[in-house]
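Analysis of the macromolecular model
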Amino acid sequence: MHKRILVVEDEASIREMVSFALRKADMEAIHAPDAHAALVAISDTPPDLILLDWMLPGMTGLELARRLRAEERTSDVPIIMLTARGEEMDRVNGLDAGVDDYVVKPFSTRELIARIKAVLRRAQADGGTGSLEIGGLRIDGPAHRVYAGDAQVEIGPTEYRLLHFFMSHAERAYSRAQLLDQVWGGSVYVEERTVDVHIRRLRKTLEPFGLDSLIQTVRGTGYRFSTTQ
Ligand code: CA
């Protein structure tokens, strides 16, 4: 099965360059010049991954990412954001919107394809893992759902991966660099503060269930998932 990649980009030259690279990498490219066209394309069948330009006419890429994350049908579809230099200050906002990775323009198609493959691999690994239960939290791997007791926890895709990693490696401290490597994938260049952003978000997600203390800060090291204080 060819992976279907939705390319949301208003610049035709970039759309064409990316589509050419995707086809060469044996993937199928679907085009949308703006957020509205993207929503129309997604309403049919959600793609395997979305390449989303940050600056789009009308609804921005960031707004579209938030909207896709909020909808159950598209909440798990990986998103790679395309940003121009100078927009990097807003990266943290993008991470909060549940974006999986960033590629800064101008990029090489080789780098882009490598990032796409890494994100697709991670998404696939998530779906294939089993269930875990620790400290009142349960991950149903095949269903990609998290429960606190009987209540389902609404969780973003990156927080899900982070929690899954923590629960698979409970009671051990990890540095930010190790977490980046394990959860974001070694080939992906993201900053260490990205980890802090998603730790905050994960704690906020668990807070209503009184389980945020499972995610502990280890001074001078990083973080750990632990059921003992
Ligand atoms: Ca643009």
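See the structure shown above.
Below or above, wherever it landed, is the structure these notes cover. (Residues numbered from 1 in each chain as written. Predicted model: local features only at pLDDT ≥ 70, side-chain atom pairs only at ≥ 80, totals over all residues. Heavy atoms only, no water.)

So, the overall build of the protein
Each helix and strand counted, the protein has eight helices and 12 strands in total. For the protein, with 229 residues in total, the buried portion stands at 48%. For the protein, contacts bridging at least 24 residues in sequence account for 59% of all contacts bridging at least 6. Accessible surface, the protein: about 11100 Å² in total, of which carbon and sulfur atoms supply 49%. (Helix = DSSP H or I, 4+ residues; strand = E, 2+ residues; numbered from the N terminus. Buried < 20%, exposed > 50% of the residue type's maximum accessible area, 1.4 Å probe, protein only. Contact = heavy atoms within 4.5 Å. Areas by Shrake-Rupley, 256 points an atom, 1.4 Å probe, with all protein chains shown as cover.)

Side note on the packing of helix α2 (residues 35-44) against helix α3 (residues 61-70)
Helix packing for two helices is described by the angle between their axes and how far apart those axes are. Running from N to C, α2 and α3 point in directions that differ by 25 degrees, and their axes come no closer than 10 Å. With respect to α3, the element α2 is oriented roughly parallel. Handedness of the α2/α3 crossing: right-handed. Contacts between α2 and α3 involve Ala35, Ala38, Leu39 and Ile42 on the former and, on the latter, Leu64, Arg67 and Leu68. Here the residues of the contact of α2 with α3 sort into six nonpolar, no polar and one charged. (Axes fitted to C-alpha atoms, helices over the stretch in contact; angles between N-to-C directions. Parallel < 35°, antiparallel > 145°, perpendicular 65-115°, else oblique. Left-handed = near helix turned anticlockwise from the far one by under 90°. Nonpolar A, V, L, I, M, F, W, Y, C, P; charged D, E, K, R; others polar.)

Here's the deal with the sheet that holds strand β6 (residues 132-134)
If you trace the four strands from one edge of the open sheet to the other, you get β6-β7-β8-β9, paired in antiparallel fashion. Only two strands of the sheet have a single neighbouring strand rather than two, namely β6 and β9 (151-153). In this sheet, neighbouring strand axes are inclined to one another by 25 degrees on average, regardless of whether the strands run parallel or antiparallel. Sitting on the sheet, helix α6 (residues 157-168) is in contact with β6, β7 (137-140) and β8 (145-148), with an inclination near 110 degrees to β7. (Pairing = 2+ DSSP bridges.)

Things to note about helix α1 (residues 12-24)
Taking 1.5 Å of rise per residue, the 13 residues of α1 would be expected to cover 18 Å, and the 18 Å separating its terminal C-alpha atoms lies within 8% of that figure. Along α1, the residues that are buried comprise Ile14, Arg15, Val18, Ser19, Ala21 and Leu22. All buried residues of α1 fall inside an arc of 165 degrees around its axis, so they share one side. α1 presents Ser13, Glu16, Phe20, Arg23 and Lys24 as exposed residues on the side facing more than 90 degrees away from its buried surface. Positive phi appears at Asp26, one or two residues downstream of α1, with a value of about 70 degrees. (Expected span 1.5 Å × (residues − 1). Arc of directions from axis to C-beta.)

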